[in-house]
Amino acid sequence: MPKLVSGFSKLNKEQKIEWLSNYFLKDNVNASDILRLYWNSDKKLQQLHDDFIENTVSNYYMPFGIAPNFIINNKHYTIPMAIEESSVVAAASLVAKFWSDKGGFKAEVINTVKVGQVHFMYEGDKAVIEKYFSEKKSDLISITDKITENMRKRGGGILDIELRDKTKDLEHYYQLHVTFETKDSMGANFINSCLEAMAQEFKNDDVKIVMSILSNYVPECLVRAEVSCKVDQLHPIDGALFAKKMKQAVDIANVDPHRAVTHNKGVMNGIDAVVIATGNDFRAVEAGVHAYAAKSGKYKSLTSCKVENDVFTFSIEIPLALGTVGGLTSTHPLSKLSLEMLSNPSAKELMQIIAVAGLAQNFAALRALTTTGIQEGHMKMHLGNILNQLEATPDEKEKVTKELSGQTVSYSGVADVLKKIRA
Ligand code: MEV
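Residues numbered from 1 in each chain as written. Predicted model: local features only at pLDDT ≥ 70, side-chain atom pairs only at ≥ 80, totals over all residues. Heavy atoms only, no water.

Looking at an unreviewed UniProt entry, one finds the protein chain named 3-hydroxy-3-methylglutaryl coenzyme A reductase and attributed to Wenyingzhuangia fucanilytica. The Sequence similarities (unreviewed entry) field of the UniProt record for the protein chain holds the comment "Belongs to the HMG-CoA reductase family." (UniProt positions renumbered as here; feature names shortened; annotations may be inferred.)

S.K.: For the overall build of the protein chain, give the residues involved together with the corresponding values.
M.R.: Check the secondary structure of the protein chain and you find 16 helices and 10 strands. When each of the 423 residues of the protein chain is scored for burial, the buried share is 44%. Taking as baseline every contact in the protein chain between residues at least 6 positions apart, the subset at least 24 positions apart corresponds to 70%. Accessible area for the protein chain stands at about 22700 Å²; split by element, carbon and sulfur atoms hold 53% of it. Each charge class in the protein chain was averaged separately, 49 positive and 51 negative side chains, and the resulting centres sit 3 Å apart. (Helix = DSSP H or I, 4+ residues; strand = E, 2+ residues; numbered from the N terminus. Buried < 20%, exposed > 50% of the residue type's maximum accessible area, 1.4 Å probe, protein only. Contact = heavy atoms within 4.5 Å. Areas by Shrake-Rupley, 256 points an atom, 1.4 Å probe, with all protein chains shown as cover. Lys, Arg positive; Asp, Glu negative; His and termini not counted. Charge placed at Lys NZ, Arg CZ, Asp CG, Glu CD.)

S.K.: Residue-level account of the sheet that holds strand β4 (residues 114-121), with values.
M.R.: Taken together, 4 strands build an open sheet; the order of strands is β5-β6-β4-β7 and the sheet is antiparallel. Edge positions in the sheet fall to β5 (157-165) and β7 (208-215), since each of these pairs with one other strand and no more. Averaged over neighbouring strand pairs, the angle between their axes works out to 15 degrees when direction is ignored. On top of the sheet, helix α5 (residues 126-142) reaches β4, β5 and β6 (173-181); it is set at about 170 degrees to β5, its chief contact. (Pairing = 2+ DSSP bridges. Axes fitted to C-alpha atoms, helices over the stretch in contact; angles between N-to-C directions.)

S.K.: Give a detailed account of unusual backbone geometry, specifying residues and quantitative values.
M.R.: Its identity is not glycine, yet lysine 183 carries a phi of approximately 45 degrees, on the positive side. Structurally, lysine 183 is set in the loop between β6 and α7 (188-202). Its identity is not glycine, yet asparagine 309 carries a phi of approximately 50 degrees, on the positive side. Judged by its relative accessible area of 70%, asparagine 309 falls in the exposed class.

S.K.: Describe the pattern of salt bridges, with residues and values.
M.R.: Considering all chains together, one arrives at 20 salt bridges under this definition. For the salt bridge of glutamate 130 with lysine 126, the shortest nitrogen-to-oxygen distance reads 3.9 Å. Within this pair, glutamate 130 and its partner lysine 126 are both found in helix α5, separated by 4 residues, close to a single helical turn. Of the residues examined, glutamate 130 reaches a relative accessible area of 39% and is grouped as partly exposed. (Salt bridge = Lys/Arg side-chain N within 4 Å of Asp/Glu carboxyl O.)

S.K.: So what about the nonpolar core? Which residues, and what values?
M.R.: Ranked by internal contacts, the top residues of the largest apolar core, which has 68 residues, are Phe70, Trp99, Phe105, Phe312, Leu320 and Phe363. With 12 residues, helix α13 (residues 347-370) is the single largest residue contributor to this core. Sequence-distant contacts of phenylalanine 70, defined by excluding residues within four places in its chain, comprise Lys75, His76, Tyr77, Ile79, Ala92, Ala96, Phe105, Val356 and Ala360. Counting 24 residues, the second-largest nonpolar core is a separate cluster that includes Val118, Met151, Ile158 and Cys194. (Core = buried A, V, L, I, M, F, W, Y, C linked by side-chain atoms within 4.5 Å.)

S.K.: Got a sec to walk through the pairing of strand β1 (residues 64-72)? Specific residues and values, please.
M.R.: Strand direction decides the pairing type here: β1 and strand β2 (residues 75-82), joined by 7 bridges, are antiparallel. When the sheet's bridge partners are listed, phenylalanine 70 is paired in β2 with tyrosine 77. Where β1 folds back on β2, the antiparallel hairpin that results is connected by 2 residues, among which asparagine 73 adopts a positive phi of roughly 50 degrees.

S.K.: Could you give me a rundown of helix α8 (residues 239-255), with the residues and numbers involved?
M.R.: The end-to-end C-alpha separation of α8 is 25 Å, in line with the 24 Å expected for 17 residues at 1.5 Å each. Residues Gly239, Phe242, Ala243, Met246, Ala249, Val250 and Ala253 constitute the buried set of α8. Along the long axis of α8, the arc covered by the buried residues comes to 120 degrees, so they all point the same way. Where α8 is buried, its residues contact α9 (257-277), β9 (303-308), β10 (311-319) and α13. (Expected span 1.5 Å × (residues − 1). Arc of directions from axis to C-beta.)

S.K.: Let's hear about the packing of aromatic side chains: which residues, and what values?
M.R.: Ring pairs (aromatic) are described by centroid distance and by the angle formed between their planes. On inspection of all chains with the given rule, the structure shows 19 aromatic pairs. Seen from their ring centres, phenylalanine 312 and phenylalanine 314 are 6.1 Å apart, and the 10 degrees between their planes marks the pair as stacked. Phenylalanine 312 gets classed as buried once you look at its relative accessible area, which sits at 0%. The class of phenylalanine 314 is buried, set by a relative accessible area of 0%. The structure contains a cluster of three or more aromatic residues connected by ring pairs, namely Phe98, Trp99, Phe242, Phe312, Phe314 and Phe363. Here the guanidinium or amino end of lysine 16 rests over the ring plane of phenylalanine 8, the centre of that ring lying 6.0 Å away. The aromatic ring of phenylalanine 98 is capped on one face by lysine 102, whose charged end is 3.8 Å from the ring centroid. (Phe/Tyr/Trp six-rings, centres within 6.5 Å; stacked < 30°, edge-to-face > 60°. Lys NZ or Arg CZ within 6 Å of the ring centre and 35° of its normal.)

Written as C-alpha cells, this is what we have:
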C-alpha cells in the first residue's frame, strides 16, 4: 500500500499524474497518455478548467447535444443537453416535435423564494430567546447591508427572518429560518455569506451556533409546466386508450415508490441534462426535487396526468433553484453558449425551460413504456454504441443493423454477426 501523501495539491499536474501512475495505475502503461488525450490544446481554456477544482489531472467529456423544436409559451427554443445516456436527446426532440403542432408547452413560475438557516442550540427560557430575536431582527438585516447592496439594487435580498423552535424534534434546537429572493443568480454564496454574518451578530453566551447554510429544499421556488390536447390527437389509432394508459402509468408511480423513483429518474434525465449544460448545480436540483417528490410523506410522481372531457393534460410541478448569472454560468464557455442558445433567459425563464425538459422526457418514457416498450428505442442506440466499440465501418454497420433488426441486442450477438460479415 502506498504511503499517504501530504502537500499533494502543491505538486504540478505532471507530478500528480506521475504519482497516480506510479501508485494507483501501475498496471496501465497508457494511463498518462489517456489523461493527456483529454487536455485541451488551447492553454487558456485548459487553465480555466484546471482552476475549477483542485488536483485537476484531465477533463471528463460528456456529449453536448441539442433538442430542437420546443415551443414554450409560444416561443421557439432549441434546448442544450449535456448527457451520456443515448436515448435522452432523441426522446426530447421527438416529444418537442409531437407537441409543437398541439399548442406547445405552457409553463409558469409559481414562486422564487430561496431558504437559508442558522442552526443553533439554546437551553434557556423560550420567551427570552423570542424577545432577544425580536429586538435583534433589524440588526440581523442591517449587518448584511454591504453583502445585500447589489442584490437589493436588482430587486432581490432578504425577504424575512423567522425564529423557529425545533425543540420538539431535537432538544435545545432552534433556527433562524431566512428567506431570500436572489433574482437571476442561484445565490448560494450570497445566501451563505448573509447567514454567516447573521450568525455572528446573533450569537451570545446562551446562543450556541452550530452551522449556517442555505437549504437545497426550496418548495417555494416552484415552477409548473404542462401540455394538453384532445385525446384523439394523441394517437393515430386509439387516443383514448393511449391517454388511459398514460394516466395509469402516473397513477402507478403515485402509489408505488419503486416505480416512482424510476419514473422520476426519467424526469431527471431531461432536467439534469439542461441543468448541466447551463452550468447549474445538478446535485442541488436533484436533492431538492426528490425531497419535493416525498413532501406528502410518501415518495410520489413529479408529474400528473388527467383526462377530462376528452382533453388529455400532462403536467409537472417542481422546485428548481437556478441561476443564469454568476458561477459556472458565466465562466464555462459552453454554459455561456447554452444560455445564448436560449436567448439569455432570466432564471425564471430557465426554470420554465428546464421543467419542460423534464416533462417532455417523462412523456417520452411513458409513451414508450406503455406502447412499444422501452427497449425498441434503446436497442437502436445500444447497437450503435456496440458497433462503435467494435470499430465497424459504415458498410458493416448497415449490414449488422439489417441482420439484427427487431432482435434483442447484446455485445456478443453483435460481435458474432460482425465476425461472420468480416469472414
Ligand atoms: C431510463 O433512463 C429512464 C426510464 O427508466 C424512465 C421510466 O421508466 O419512466 C425509461
